[in-house]
Amino acid sequence: MRVSLFVTCLADQLWPAAGVGAVEVLRRVGCAVEFDERQTCCGQPAFNTGYRPEACSLARRLIEIFESSGADAIVSPSGSCTAMLHHYEQLFEDAGWRARARAVAQRTHELSAFLVNRLGVEDVGASFRGRLTWHDACHGLRDLGIKDEPRRLLRHVRGAELVELPPPGAETCCGFGGTFAVKYPEISVAILDEKVDAIERAGVDAVVSGDASCLMQIGGRLSRRGSSVRALHLAEVLASTL
Amino acid sequence: MRRSDEARREILSAIRENLTRSARGREPRGIAPGSAELGKPTADPGPAARGSKERGDVVSSFTEQLAAVGAQWTVVRGATEAAHALAGILTAAGARRVAGSDAPLVQRLVSGLGDGFVRESLEGLSRDGLFACDAGVTTAQWGIAETGTLVLESAREKNRLLSLVPPIHVALLSTSCICDSLGDALARVSRASHAITLITGPSRTSDIELTLVVGVHGPQAVHVLLLEEEP
Amino acid sequence: MTFDRHARAALADGQLRGALRQATTLFGERRQAALATAPDWEGARDRARAIKDETLLHLDRYLDEFSANAERAGARVHWARDAAEACEVIGRIAEQRGARTVVKSKSMASEEIHLNAALTARGIEPIETDLGEYIVQLAGETPSHIVVPAIHKTKRQIAALFAAKLGIELSDDVATLTGAARQALRRRFAEAELGVSGVNFAVAETGTILILENEGNARLTTSLPRTHVALMGIEKVIPRFADLEVFLQLLPRSGTGQALTAYQSLLTGVKQRPEDEGPAELHIVLLDNGRSRMLAAPVTRQSLACIRCGACLNACPVYRQIGGHAYGSVYPGPIGAVLTPQLFGLGRSPELPYASSLCGACRDVCPVKIDIPALLLHLRAEVVATRAGKQRALERLAFAGYAAVMARPRLFEWLVRAARMLRVMPPLGAWTKWRDLRPLAPRSFREQWRAGLSGKAP
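Residues numbered from 1 in each chain as written. Chains lettered and ligands numbered in written order. Predicted model: local features only at pLDDT ≥ 70, side-chain atom pairs only at ≥ 80, totals over all residues.

(A) Summary view of the overall build of chain C. Each helix and strand in chain C was counted, giving 22 helices and 10 strands. Here chain C holds 458 residues, and 59% of them are scored as buried. Across chain C, contacts joining residues at least 24 apart in sequence account for 74% of those joining residues at least 6 apart. (Helix = DSSP H or I, 4+ residues; strand = E, 2+ residues; numbered from the N terminus. Buried ≥ 20, exposed ≤ 12 C-beta atoms within 10 Å, placed from the backbone. Contact = placed C-beta atoms within 7 Å.)

What follows is the structure in structure tokens.
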């Protein structure tokens, strides 16, 4: 199985362990991984802030890049960026571009969904000692329906104990929301503090998620509040063999 | 009236223009309204189709729901038992001024109440008199088992105000008139009624600190006298 | 930015935040429990949405059908293009019937058009009778939640308010306070010459209007006074009498977690004989006020499917923190964020579509499956395209720059490397005031890929 990695600009520059971990895990389960260095950003920040023409131009670019790949699947360690690719179709009036967008989207999968649903794999040979809790990143959860898959994968990690977050729960937004986090920081942090309170109540060593943006938001507040709880990307945990 | 006609023309025209504009665009993907047939009734096929559901089951579902929504109920067989139950309910509630609707059965029951009660008839009851009543007695045309709801139709009886203003409402309902579902009831009510009222338990509010208070503007207590069919 | 200021004030109000947390959590739990008692919840949502879609696509036809049937049953139907026209119609009716006091049951549309101010200006006293609205009216405030308008007030505040305005003794007991309101309003119901209500659903097939409630004040408002005026947005119409069932399955469960509210009044025209119970006159006012505009695109048309249940408010992480007043509109929360700019113009509230993290919880709970995030994104694009928001120049520049850089991977890499070396980061005080900022990775993914992760020699 040939996989082309859609690493995302955020992971590339700010959380490369997510990309590195994804490569490691994909290879462990028998995939050949390619990385097209022409990729940069999927355009989500522009799209979410209302800058459609800018988002469109980046979308066209990324569609062309992935079209040129003969890989069986495009895999990304980000639910929100994968969801963005799935939204590409709606960006275009032109039927031709919509068809091309649809074709690329059909081949694009978020990492946990790819492993569990496409490859049928739940045990990726990982070991990680510690108590973990999972945060459902909103786009992955609600746009892509990813809920079960990361939990199945984490439950097979040797030495890891997975606990569910107490109310308001794993499914509640972390308050990032892209530019929302800096446009309305007080509201963003108010939402975030409820999540961080729940994480601290859970008595875990780490909070794990499938989106680097959520991890930056949650991790940034955890450290500001002096917490010892770490924020880890799913790919990091799955790649771990400690 | 003329201004309203003009407004009507403009509004309808604005609607048509905007719908035409939208027809030129694309439908957004994602939300498929489903293959649901419009206007199709819900899963409940109605008692006739179901056939096998026992009357007893319907009544016990109904009374279960009545209790769940905070209404009281008593099963009675025949007018004498009903009269006795009515007197008991009113006495226990300390209700003295009682008004009955124009339904013949209600008239009989209320006029049969002893001298301990002040019996008002709806005919000639002033507004002040209505507000001074402790209890209003009416029938209900239908019951809905799935929610413990009473259905009152204005075309059949003058029950609108007596089921609303006095703090206690006593409703007589024949068990043969209990429907399974809301859809069932909606299919049975007469369109000739200019007012159809669905009543599910006493009035309530949680507007202050989300604390439930039973009995606000409508009645504080609802008693249902379930008239069982003579075998 | 008013929203900014109000949101910050709300966040600083510990009591409000506690009340909101409690209310939204409780309503969420009740809703969840109520879904379990619904026969085929998802099927009901789909059916209801399909009915709404069909209706909106032929709204002109259904409105005419409703109007004709309502009038055939004895009601008078008035059409109002905007708020001023609706206020004029209702004010005139009230004046012509010599109404000095008007009792009102819950109507968001009446708040939308500022009816109370219009009546007061004519020397007519409007009296809110829904307990929460009554409290808010006495306090001279606006409602902060669709279902529980006074959720932002403690019982202590309400007790003080009642002591001052109703002359009762201070009491901590909620039942006592409620009883005081009941007492005060009872006489008003008895004496009012005119009652104004909202409409939850209007049935085209029969000309019937349906009003839902728990308190009984809507029944009193619509059955005691001689004249009843029912105000409704044009989107409230549904095709068939039988359609009421699916909406009655969805609305109470979504709004308060009840299978049914205490009362539903189905009113068709007026009584046939003068000696019958009920008002002698029913006036139905059909309000456009910007709704017809929303029909112009499929994505905006779904705004009109809203049945005003309030479920999206209870699910929204933003509303939970700031409450309804911050939105500065009669319609708060997620649905408010999309209705307000559409009804009152983007220029008036260009920041509302951005006051969301786009989490989608609202879409999950909406009984008619309105895709609020899609609507928010659409409105954001409108704000940018029409330059409706202020202070956008710097942002435009930033996004133009971002697009230019992201189209050039080598430039992108070079800029990041330069920033890393010079330890330059964009001024993100809005982030760093509360959160530590993760530094740029010493080696990006692509650098590691080139250095050997690819499997090829670097």
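From this point, the narrative continues.
(B) Quick peek at the overall build of chain B. The number of helices and strands found in chain B is seven helices and 12 strands. A sequence separation of at least 24 residues applies to 72% of the contacts in chain B between residues at least 6 apart.

(C) Local environment of helix H1 (residues 2–23) of chain B. A rise of 1.5 Å per residue sets the reference length of H1(B), with its 22 residues, at 32 Å; its end C-alpha atoms lie 32 Å apart and thus fit the reference within 8%. Residues of H1(B) that are buried include every one of B:Ala7, B:Arg8, B:Ile11, B:Ala14, B:Ile15, B:Asn18 and B:Ser22, and no others. Viewed end-on, H1(B) has its buried residues packed into an arc of 135 degrees, placing them on one side of the element. Those residues of H1(B) that are exposed and aimed more than 90 degrees away from the buried face are B:Arg2, B:Asp5, B:Arg9, B:Ser13, B:Thr20 and B:Ala23. Buried residues belonging to H1(B) abut helix H4 (59–72), strand E1 (76–80), helix H5 (83–96) and helix H13 (298–301) of chain C. (Expected span 1.5 Å × (residues − 1). Arc of directions from axis to C-beta.)

(D) Focus on the interface of chain C and chain A. Taken together, the contacts link 48 residues of chain C with 49 residues of chain A. Only helix H1 (2–12), helix H15 (317–322), helix H17 (361–365), helix H18 (372–386), helix H19 (393–406), helix H20 (409–422), helix H21 (429–432) and helix H22 (445–453) of chain C provide two or more residues apiece to the side of chain C that touches chain A. Split by residue class, the side of chain C that touches chain A holds 32 nonpolar, seven polar and nine charged. (Nonpolar A, V, L, I, M, F, W, Y, C, P; charged D, E, K, R; others polar.)

(E) Region of interest: the packing of helix H3 (residues 41–57) of chain C against helix H12 (residues 244–256) of chain C. Residues and elements named next belong to chain C. For the pair H3 and H12, interaxial distance at closest approach is 9 Å and the crossing angle is 120 degrees. For the element pair H3 / H12, the angle class is oblique. For H3 against H12, the interelement crossing comes out left-handed. Contacts from Ala44, Arg45, Arg47 and Ala48 in H3 reach Val246, Phe247, Gln249 and Leu250 in H12. (Axes fitted to C-alpha atoms, helices over the stretch in contact; angles between N-to-C directions. Parallel < 35°, antiparallel > 145°, perpendicular 65-115°, else oblique. Left-handed = near helix turned anticlockwise from the far one by under 90°.)

(F) A look at the interface of chain C and chain B. The partner chain B presents 61 residues to the 84 residues of chain C that form the contact. Tallying contributions element by element places H3(C) first for the side of chain C that touches chain B, with nine residues. As defined by bridge partners, strand E9 (residues 195–199) of chain B adjoins strand E9 (residues 263–268) of chain C across five bridges and the pair is classed as antiparallel. Note on E9(C): the bridge partner recorded for B:Ala195 is C:Leu267. (Pairing = 2+ DSSP bridges.)

(G) Layout of the sheet that holds strand E10 (residues 281–287) of chain C. Residue and element names in this part refer to chain C. Strand order in this open sheet of six strands is E1-E10-E7-E4-E2-E3, and the pairing throughout is parallel. At either margin of the open sheet sits one strand with a lone partner, and together these are E1 and strand E3 (125–128). If you compare each strand with its neighbour and ignore which way they point, the axes differ by 25 degrees on average. Looking at chain direction, strand E7 (residues 227–233) and E10 are connected through seven bridges and run parallel. In the sheet register, Leu231 faces E10, and the bridge partner there is Val285. Lying over the sheet, H4 contacts E1 and E10, oriented at roughly 145 degrees with respect to E1.

(H) Structural context of the confidence of the model for chain B. On average, chain B scores 87 in pLDDT, and the residues at 70 or more come to 86%. Low pLDDT, under 50, characterises residues 29–52 of chain B; the predicted model gives this stretch 39 contacts beyond four residues in sequence or across chains. (pLDDT = per-residue confidence, 0-100.)

(I) Region of the structure containing H4(C). In this model, H4(C) (14 residues) spans 20 Å end to end at C-alpha, consistent with the 20 Å of a helix rising 1.5 Å per residue. Taken together, the buried positions of H4(C) are C:Leu59, C:Tyr62, C:Leu63, C:Phe66, C:Ser67, C:Asn69 and C:Ala70. Where the residues of H4(C) are buried, they touch H1 of chain B together with H3, E1, strand E5 (201–203), strand E8 (237–238) and E10 of chain C. The positive-phi residue at the C-terminal boundary of H4(C) is C:Gly74, with phi of around 110 degrees.

(J) Local environment of the sheet that holds strand E4 (residues 135–139) of chain B. All names here are of chain B. Spatially, the six strands line up as an open sheet ordered E1-E12-E7-E4-E2-E3, and their pairing is parallel. For this open sheet the edge positions go to strand E1 (72–76) and strand E3 (118–121), each flanked by a neighbour on one side alone. Averaged over all pairs of adjacent strands, the angle between their axes in this sheet comes to 20 degrees, without regard to strand direction. In this structure, strand E7 (residues 168–174) lies alongside strand E12 (residues 221–227), joined through seven bridges in parallel fashion. Its bridge partner being in E12, Leu172 is matched across the sheet by Leu225. Lying over the sheet, helix H5 (residues 104–111) contacts strand E2 (97–100), E3, E4 and E7, oriented at roughly 145 degrees with respect to E4.

(K) Structural context of the domain arrangement of chain C. Its domain assignment divides chain C into domain 1 (1–37 + 300–390), domain 2 (45–289) and domain 3 (409–453). On a C-alpha basis, the centres of domain 1 of chain C and domain 3 of chain C stand 34 Å from each other. (Domains from an automatic or database assignment.)

(L) Layout of the pairing of strand E1 (residues 2–5) of chain A. Residue and element names in this part refer to chain A. The pairing of E1 with strand E2 (residues 32–34) spans three bridges and is classified as parallel. In the sheet register, Arg2 faces E2, and the bridge partner there is Ala32. Pairing analysis gives three bridges linking E1 to strand E3 (residues 73–76), with the strands arranged parallel. Note on E3: the bridge partner recorded for Val3 is Ala73.

(M) Just the confidence of the model for chain C, in detail. Taken as a whole, chain C shows an average pLDDT of 95; of its residues, 99% reach a score of 70 or greater. Here the prediction assigns the complex a pTM of 0.95, and the interface score ipTM is 0.97.

(N) Region of interest: unusual backbone geometry. Put simply, A:Pro167 and A:Pro168 share a cis peptide bond, and its omega is 5 degrees. The backbone of A:Thr8 sits at a positive phi, close to 80 degrees, despite the residue not being glycine. Here A:Thr8 is to be found in the loop between E1 and helix H1 (9–14). Its 28 C-beta neighbours within 10 Å are what place A:Thr8 among the buried residues. Of note in the backbone geometry, B:Glu209 takes a positive phi value of approximately 50 degrees without being a glycine. Take B:Glu209: it is sitting in the loop between strand E10 (204–205) and strand E11 (213–214). For B:Glu209, a count of 19 C-beta atoms within 10 Å corresponds to the partly exposed category.

(O) Quick look at the environment of C:Phe162. Residues and elements named next belong to chain C. Note on placement: Phe162 falls in helix H9 (residues 155–166). Residues Phe162 and Ile51, 111 residues apart in the sequence, show an inter-C-alpha distance of 44 Å. What Phe162 contacts, discounting residues up to four positions off in sequence, is Ile168, Leu177 and Ala180.

(P) Summary view of the environment of A:Ser76. Residue and element names in this part refer to chain A. Residue placement: Ser76 occurs in strand E3. With 28 C-beta atoms packed within 10 Å, Ser76 lands in the buried category. Taking C-alpha positions, Ser76 is 6.3 Å from His109, a pair spaced 33 residues apart along the chain. Among residues more than four places away in sequence, those in contact with Ser76 are Phe6, Thr8, Cys81, Thr82, Thr108, Glu110 and Leu111.

(Q) Expanded view of the environment of C:Arg219. You can see C:Arg219 is positioned in helix H11 (residues 217–223). When the 30 C-beta atoms within 10 Å are taken as the criterion, C:Arg219 is described as buried. With 24 residues separating them in the primary sequence, C:Arg219 and C:Gly195 have C-alpha atoms 10.0 Å apart. The contacts of C:Arg219, once residues within four sequence positions are left out, are B:Leu164, B:Gly218, C:Tyr263 and C:Ser265.

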